[in-house]
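Now for the letters of each chain:
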Amino acid sequence: MPPTVDSHDQRAPGPEAQGRRRALAILVNTTVAIIGGAFSALLGVFAVRPARGAVRERWIRAATLGELTANVPVPRVLSVPRPDGWYKARARETVFLVWNGQREVKVFSATCSHLGCQVLWDGEGKRFRCPCHGGVYDAQGQVLDGPPPRPLTTLDAKVEGTDESVLVRV
Amino acid sequence: MGRLLAWLDLRTRYQTARHVLLDEEIPAGTGWVFTLGSVLLGLLSIQLLTGAFLTLYYAPTPDHAYESVRFIDSTAAGRIVRGLHHFGASFIVVFLVLHMLRVIVFGSYKPPRELTWLSGLALMGLVLGFALTGYLLPWDQRAYWATVVTINISKLAPGAGEFVAGVLQGGSTIGALTLTRWYSAHVIILPALLVSLIVGHLILMRLQGSSGPVRAKAGRPFPFYPYQAARDTVVVSVVLLAVLFFAWQGTPPLEGPADPTDANYIPRPEWYFLGLFQLLKYFPGKWEVVGAIIVPTLVGAVLALLPWIDRGPERDPRRRPLVMGLVSIGLIGVVALTTLGWRDRPVNADAGRWTMREIGGRAIAASGGCVKCHSDTGMADPLETLALSRGTEWIAGHATDPEMIAPGLREPPTVRSEREVAAIVAYVRRVSRQPYPGFDPQLETAARVWARYCVGCHVIEGDGGKDGPELTHAGSKHKPDELRLQITDPEAVNPAADMPSFSDRLSPEQLDAIVAYLAARK
């Protein structure tokens, strides 16, 4: 049995000394717990929630209506900022612009909903074909055949300005 | 509960550890002044913890160090963690000095505690090593230029100067190799040494026991826990709250990104090196080595030899006039040098003011091709939100030929004059660290004219070409009409003038703006 703390106080016991001792022990333990807790919380927040970088919604000019043909998907490569912490990375993303002949443009992501390959436009068959596993979509991005579980992703788009710019939200 | 603890104790003997750690006997009369070592232990723990977590986001390369530090500062938690680490360092220096003074005044280094004293001095050296290496890591202007000074000072070391400087620098210039080795020292090597030395220092302290008051007081010794521990807890809490207050109130400093080509930057050391910085000023030329190396080495040697200089058993400071005199002189010297250094510290004049070139650069960028892509609907971020840490060459290259940086752009590059590119570079670098404050539209027009034409040959406040006369005080020498005539028809003023006429290059508004600007420069 190792000697305990009380071995010191047995020499000067007295209920008053005991009370003081207990109060001080509580003071020390509580303060240490509070400091430890506060720092754990601060460092925890710092560690698990990194800043999101400068993520903000943006509309990128992809084309003008003059460059498009009605009802024919036209591919465009957009350079999309992908903030990665302090690292200013950019991703190249292919989209298809489908103009309805009026002032409306539908924009599809070229990424197949199956496993992420890039679909191609088959002008003769008038459909999107995925080279990887044979997924087939119609000109509206709906699945016609093959394994894709969902239609092609549609991105928000609008036509603006005197030069009829097509803006795509990324 | 009791049975669980008994089970645990049988297997871990934690009660023994607890007894060894906490029930140390403290001499009667040991008071508040003996809490300083615990304060240092608390502060160093904070540094180790915050430092370890800062490495989650810090990238030790010249391309990314600065931006990763700014990334840390972009959240409140990040600012506080970095603030604790930054301000905590200053607190450590202060409490290190206080702890050392306590040991000297109480004669606590006397036998058998000489090795405790020496290990403490070694710990102080390590702390200075931390301060020096940590200063470089943010890779801002302060960091870079302070390191230039440090490495140049190390070249003064007699005999081995170039070798020491080469080891510190790593590569042929201060750059990637310097940053990685100082980073490695700061986060791996020095912390390992620090922890080992602290453990050694504490073991020695416990082996010899606390030195206690100068004259043994009547009364029984008392256990460390909870009596002295309570004092430690109170003082440590107050100090940690003070560090937290600083971290909460002030964002730790971060200047513009390191720019090795910026000849105008005046480096300033951290406040605790100001004394050394001041000392150097008294030893110019070939005597510099005295201030830089010899005096600090002598001070260190005297401190290390203190237990052998002050040999007697007497611990009362009133009866140790030699040591107390030496220490007082040393202390007064350090305080005086630091104060003089503080008052004499160089101030960077350009800290808040925008130059005409920078203001003009904004107008040139706005009217040129830049905003085609750098806009809310463009491919790239607006210039105001870029917060770019790229160097001058990169920005100039990109402004001249955007395809160089972003291949495949459909916008044709806008060809510009060299001066316009220089103005855009100046603007982008400034707006990356300070938001555009906005100026009077006429001044902005004048700035654009200045940055496009005048700056090639004329100087205002140190910026510009030297071929023509300086125009810093143009308005006090010339009336507005004279200035106007000089610009539109220089040969009418002086038939031998080299200056071309600008009458057909400036619109009436531009002419009015530049004349009004120059006339107002008294």
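Cut-offs applied
- Residues numbered from 1 in each chain as written.
- Chains lettered and ligands numbered in written order.
- Predicted model: local features only at pLDDT ≥ 70, side-chain atom pairs only at ≥ 80, totals over all residues.
- Helix = DSSP H or I, 4+ residues; strand = E, 2+ residues; numbered from the N terminus.
- Buried ≥ 20, exposed ≤ 12 C-beta atoms within 10 Å, placed from the backbone.
- Contact = placed C-beta atoms within 7 Å.
- Domains from an automatic or database assignment.
- Nonpolar A, V, L, I, M, F, W, Y, C, P; charged D, E, K, R; others polar.
- Expected span 1.5 Å × (residues − 1).
- Pairing = 2+ DSSP bridges.
- Axes fitted to C-alpha atoms, helices over the stretch in contact; angles between N-to-C directions.
- Parallel < 35°, antiparallel > 145°, perpendicular 65-115°, else oblique.
- Left-handed = near helix turned anticlockwise from the far one by under 90°.
- pLDDT = per-residue confidence, 0-100.
- Core = buried A, V, L, I, M, F, W, Y, C linked by C-beta atoms within 7 Å.

Chemist: Help me get a handle on the overall build of chain A, residues and values and all.
Modeler: From N to C terminus, chain A includes two helices and 11 strands. Seen in sequence order, chain A has helices and strands lined up from the N terminus as α-α-β-β-β-β-β-β-β-β-β-β-β. Buried residues in chain A amount to 20% of all 170 residues. Restricting to contacts in chain A with at least 6 residues of sequence separation, those with at least 24 account for 45%.

Chemist: Now, about the domain arrangement of chain B: what can you tell me, with residues and values included?
Modeler: Residue and element names in this part refer to chain B. For chain B, the assigned domains are domain 1 (27-348) and domain 2 (352-519). Measuring from the centre of the C-alpha atoms in domain 1 to the corresponding centre in domain 2 gives 46 Å. Between domain 1 and domain 2, the contact holds seven residues from the first and five residues from the second. For the side of domain 1 that touches domain 2, the per-class residue count stands at two nonpolar, two polar and three charged.

Chemist: A description of helix 23 (residues 508-519) of chain B should follow, citing residues and the corresponding values.
Modeler: Between its first and last C-alpha, helix 23 of chain B extends 16 Å over 12 residues, near the 16 Å set by a 1.5 Å rise per residue. Of the positions making up helix 23 of chain B, those classed as buried are B:Leu511, B:Ala513, B:Ile514, B:Val515, B:Tyr517 and B:Leu518.

Chemist: A description of the domain arrangement of chain A should follow, citing residues and the corresponding values.
Modeler: Segmenting chain A into domains produces domain 1 (6-48) and domain 2 (59-169). Here domain 1 of chain A and domain 2 of chain A have C-alpha centroids that lie 64 Å from each other.

Chemist: Explain the environment of B:Lys286 to me, using residue names and the numbers behind them.
Modeler: Residues and elements named next belong to chain B. Inspection of the secondary structure puts lysine 286 in the loop between helix 11 (274-281) and helix 12 (288-309). We classify lysine 286 as exposed; it has 8 C-beta atoms within 10 Å. Along the chain, lysine 286 and proline 213 lie 73 residues apart, while their C-alpha atoms are 47 Å from each other.

Chemist: Explain the sheet that holds strand 4 (residues 105-109) of chain A residue by residue, including any values.
Modeler: Two orientations exist for strands paired in a sheet by backbone hydrogen bonds: parallel and antiparallel. Residue and element names in this part refer to chain A. Taking strand neighbours across the sheet as the criterion, the four strands line up as 2-3-4-9 in an open arrangement whose pairing is antiparallel. One side of each edge strand has no neighbouring strand; the edge strands of this open sheet are strand 2 (74-84) and strand 9 (154-155). Where strand 3 (residues 87-99) meets strand 4, five bridges bridge the pair, whose relative direction is antiparallel. Residue pairing for strand 4: leucine 97 is matched across the bridge by valine 107.

Chemist: Residues and numbers for the packing of helix 5 (residues 76-105) of chain B against helix 10 (residues 224-249) of chain B, please.
Modeler: Think of two packed helices as two axes; the pair is described by the angle between the axes and how far apart they sit. All names here are of chain B. Close contact between helix 5 and helix 10 brings their axes to 8 Å; oriented N to C, the two are set at 125°. What the angle tells us is that helix 5 and helix 10 run oblique. Crossing hand, helix 5 versus helix 10: right-handed. Facing Ile80, Gly83, Leu84, Phe87, Gly88 and Phe91 of helix 5, the residues of helix 10 in contact are Val239, Val243, Leu244, Phe246, Ala247 and Trp248. The class makeup of the residues in the contact of helix 5 with helix 10 is 10 nonpolar, two polar and no charged.

Chemist: I'd love a proper account of the interface of chain B and chain A, names of residues and values included.
Modeler: Taken together, the contact between chain B and chain A spans 35 residues of the former and 31 residues of the latter. Counting residues per element, the ones that place at least two in the side of chain B that touches chain A are helix 2 (14-22), helix 3 (36-54), helix 4 (65-73), helix 5, strand 2 (222-223) and helix 10 of chain B. It is helix 10 of chain B that contributes the most residues to the side of chain B that touches chain A, eight residues altogether.

Chemist: Give me the confidence of the model for chain A: which residues, what numbers.
Modeler: Residues and elements named next belong to chain A. Chain-level statistics for chain A give a pLDDT mean of 83 and a share of 88% at 70 or above. Within chain A, no element has a lower average pLDDT than helix 1 (residues 6-9), which sits at 42, and none a higher one than helix 2 (residues 15-48), at 93. Note on residues 1-11: pLDDT is under 50 here. Beyond four places in sequence and across chains, it has 13 contacts.

Chemist: How would you summarise the sheet that holds strand 7 (residues 136-137) of chain A if you had to cite specific residues and measurements?
Modeler: On the basis of which strands lie adjacent, the open sheet formed by four strands has the order 5-6-7-8 (chain A) and antiparallel pairing. The sheet terminates laterally at strand 5 (120-122) and strand 8 (143-145) of chain A, the two strands that pair on one side only.

Chemist: Can you tell me about the environment of B:Ala292, naming the residues and giving the values?
Modeler: Residues and elements named next belong to chain B. Inspection of the secondary structure assignment puts alanine 292 in helix 12. Note on alanine 292: 20 C-beta atoms within 10 Å, which makes it buried. Considered as a pair, alanine 292 and lysine 281 are 11 residues apart in the sequence and their alpha carbons are 9.8 Å apart. The contacts of alanine 292, once residues within four sequence positions are left out, are Ile153, Leu156 and Leu280.

Chemist: Can you lay out the nonpolar core for me, pointing to particular residues and giving the numbers?
Modeler: Most often, soluble globular proteins keep nonpolar side chains buried together rather than apart. The biggest cluster of nonpolar side chains holds 55 residues, and the ones touching the most others in it are B:Leu40, B:Leu43, B:Val81, B:Ile92, B:Phe95, B:Trp139 and B:Ala143. Those elements that place two or more of their residues in this core are helix 2 of chain A together with helix 3, helix 4, helix 5, helix 6 (114-136), helix 7 (141-154), helix 9 (176-208) and helix 10 of chain B. B:Ala143 has contacts with B:Tyr135, B:Leu136, B:Leu137, B:Pro138 and B:Ala258, leaving out every residue within four places of it along the chain. Judged by nonpolar contacts, the second largest core, of 39 residues, contains B:Cys370, B:Ala422, B:Tyr427 and B:Val455.

Chemist: Outline the confidence of the model for chain B, supporting the account with residue identities and numerical values.
Modeler: Predicted coordinates in areas of low pLDDT are best not read in detail. All names here are of chain B. In this model, chain B carries an average pLDDT of 88, and 96% of its residues clear a pLDDT of 70 or more. Of all helices and strands in chain B, the one with the weakest mean pLDDT is helix 17 (residues 402-405) (68), whereas helix 3 scores best (97). With pTM at 0.80, the complex prediction returns an ipTM value of 0.78.

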